[in-house]
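A look at the structure
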There are 2 protein chains.
Amino acid sequence: MTDIFFNVKKHSDHQKFLKGMELLYFGYRDFISWPDDVLQTYGFGRAHHRILHFVGRNPGLKVAELLDLLNITKQSLSRVLSTLVEKGHVRQDIGSIDRRQRLLHLTEQGQNLLDKITEHQKEHMLKAFKKAGDQSVEGFWKVLSALIADENRTEILDRVNKDMGE
Amino acid sequence: MTDIFFNVKKHSDHQKFLKGMELLYFGYRDFISWPDDVLQTYGFGRAHHRILHFVGRNPGLKVAELLDLLNITKQSLSRVLSTLVEKGHVRQDIGSIDRRQRLLHLTEQGQNLLDKITEHQKEHMLKAFKKAGDQSVEGFWKVLSALIADENRTEILDRVNKDMGE
DNA sequence: TAAATATGTCAACATGACTGACATATTTTT
DNA sequence: AAAAATATGTCAGTCATGTTGACATATTTA
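Helix and strand counts for chain A stand at eight helices and three strands. For chain A, the succession of helices and strands along the chain, N to C, is α-α-α-β-α-α-β-β-α-α-α. C-alpha extents for chain A along the principal axes are approximately 60 × 35 × 35 Å. For chain A, buried positions account for 49% of its 166 residues. With 25 positive and 23 negative side-chain charges, chain A shows a separation of 2 Å between the mean positions of the two kinds.

Put into structure tokens, the structure is as follows:
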């Protein structure tokens, strides 16, 4: 990579912004599209992947917590979650303290599917991390954290950092 | 920010991947949603914003080049582009050498709209950059560049780096 | 003159989001 | 004990943005 293009001091504020948003757009677009083919073979889409991921990361997550985390409506969640439950990838346990609650877990089948979906995406991201270098990865995390809306940041960072960096 | 959570050496590969993808998801989601309200007052969406942006960045862009850059179909582009042309934000010039081509430019009105849409998003991103620090911004750019699919990277980086870092 | 190319349009479909209202089951409050 | 509140699910309709495949016009190239 031509280092001059990554030298922040040779960029005006406007140029920094343009480069930031364009790289974010293309990097995100390409990264997020990686699992599309695998998802499609199961009749699933990106929203299904998202549910599988966050339920896997937070076993016992309540439906209301998931709605809040993903910032989507009940209808949006229900449409996708129902399919995952029906097909046996997610199971809903009744809350032991509050039996109205539905606590979400991946089934073994769901975990296997998630692993399969994630496999190449993980490989791709780790390869990108290796190429960019450890310090760049730390910077990447810092900028992204700072891009998260103030009102969401604390909760999101708590969840993202769960069980790591200790 | 608690530095320990950004210490890459205290993360396994799996943890690096999880943190990367989750921060990318939330950072992108929140950042991209900023202009939604302004867009909506014009009856526009994110796809309109995208067209305005890339046409503004590449005056004289051919329709086919835009299709290739955004990796979408003619139908998708046409639906959105037509509206922008009809409402006077984009104009199509006939190519002087090849009169079949349509060369896209923002009108003054379109540039004004783009400036308005972009204003708070830019402020937000620059604020995030300031918070994270110059070295983090360089890392951010490097990781995102490496996340772009191999087959897209050269062309995208050429366009992104146009007129900057010299 | 025929073939190829650049672009536009059409209708139908898919995915994933939203609104607003209504429903059941359970817990909490009165 | 009854009413109110809460957790979740469902419904129908709507919207944004993507795709497919076919067909069209205008222009350039062979």
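This is not the end of the story, as more comes after the structure.
Next up on the list: the protein's contact with DNA strand C. Taken together, 26 residues surround DNA strand C, and among them Arg46 and Thr73 of chain A together with Lys74, Gln92 and Arg100 of chain B come closest. Here DNA strand C approaches the protein such that, of its atoms within 4 Å, sugar and phosphate make up 58%. Measuring from a base oxygen of DNA strand C, one finds a side-chain N or O atom of arginine 100 of chain A at 3.2 Å. For DNA strand C, a phosphate oxygen lies 3.2 Å from a polar atom in the backbone of arginine 102 of chain B. For the surface near DNA strand C, the secondary structure elements donating two or more residues are helix 3 (46-57) and helix 5 (74-86) of chain A together with helix 4 (63-70) and helix 5 (74-86) of chain B.

Now for the protein's contact with DNA strand D. In the vicinity of DNA strand D, 26 residues are found, and the nearest of them are Lys74, Gln92 and Arg100 of chain A together with Arg46 and Ser76 of chain B. Those atoms of DNA strand D that come within 4 Å of the protein belong to sugar or phosphate at a rate of 53%. Among the elements of the structure, helix 4 (63-70) and helix 5 of chain A together with helix 3 (46-57) and helix 5 of chain B are those that each provide at least two residues to the surface near DNA strand D.

What follows concerns helix 3 of chain A. Between its first and last C-alpha atoms helix 3 of chain A spans 16 Å; for 12 residues at 1.5 Å apiece the expected length is 16 Å, and the two agree. Listed as buried for helix 3 of chain A are His48, His49, Ile51, Leu52, His53, Phe54, Val55 and Arg57 of chain A.

It is worth spelling out the interface of chain A and chain B at this point. With 74 residues of chain A at the contact, the number on the chain B side is 74 residues. Approximately 7,800 Å² of surface area, both sides summed, lies buried where chain A meets chain B, with 72% of it carried by carbon and sulfur atoms. Three residues stand out in chain A for area buried against chain B, namely Phe17, Trp141 and Leu147 of chain A, and they jointly supply 9% of the buried area on that side. Between glutamate 22 of chain A and arginine 57 of chain B there is a salt bridge, with the nearest N and O atoms lying 2.8 Å from each other. Counting across the chain A and chain B interface gives 24 residue pairs in polar contact (both at pLDDT 80 or more). Of all the secondary-structure elements, those providing two or more residues to the side of chain A that touches chain B are helix 1 (13-33), helix 3, helix 4, helix 6 (108-132), helix 7 (134-147) and helix 8 (150-160) of chain A. The leading source of residues in the side of chain A that touches chain B is helix 1 of chain A, at 19 residues. Across the side of chain A that touches chain B, the residue classes break down as 35 nonpolar, 19 polar and 20 charged.

Here the structure, examined in full by the defined rule, presents 20 salt bridges over all chains. With a closest N to O distance of 3.0 Å, arginine 29 of chain A and aspartate 30 of chain A form a salt bridge. The same class applies to arginine 29 of chain A as to aspartate 30 of chain A, namely buried. Across the pair aspartate 163 of chain B and lysine 162 of chain B runs a salt bridge whose closest N-O atoms are separated by 3.9 Å. Here aspartate 163 of chain B falls in the exposed class, since its relative accessible area comes to 54%.

Next up on the list: the sheet that holds strand 2 (residues 90-94) of chain B. Residues and elements named next belong to chain B. Strand order in this open sheet of three strands is 1-3-2, and the pairing throughout is antiparallel. Taken across any chain shown, the strands that pair with only one partner, and hence form the sheet edges, are strand 1 (61-62) and strand 2. Here strand 2 pairs with strand 3 (residues 102-106) via five bridges, running antiparallel. Paired with valine 90 across the two strands is leucine 106, which belongs to strand 3.

Cut-off values and rules
Residues numbered from 1 in each chain as written. Chains lettered and ligands numbered in written order. Predicted model: local features only at pLDDT ≥ 70, side-chain atom pairs only at ≥ 80, totals over all residues. Heavy atoms only, no water. Helix = DSSP H or I, 4+ residues; strand = E, 2+ residues; numbered from the N terminus. Buried < 20%, exposed > 50% of the residue type's maximum accessible area, 1.4 Å probe, protein only. Lys, Arg positive; Asp, Glu negative; His and termini not counted. Charge placed at Lys NZ, Arg CZ, Asp CG, Glu CD. Near = heavy atom within 4 Å. Polar contact = N/O pair within 3.5 Å; in protein donor to acceptor, adjacent residues only side chain to side chain. Expected span 1.5 Å × (residues − 1). Contact = heavy atoms within 4.5 Å. Buried area = accessible area lost by both parts, 1.4 Å probe. Salt bridge = Lys/Arg side-chain N within 4 Å of Asp/Glu carboxyl O. Nonpolar A, V, L, I, M, F, W, Y, C, P; charged D, E, K, R; others polar. Pairing = 2+ DSSP bridges.

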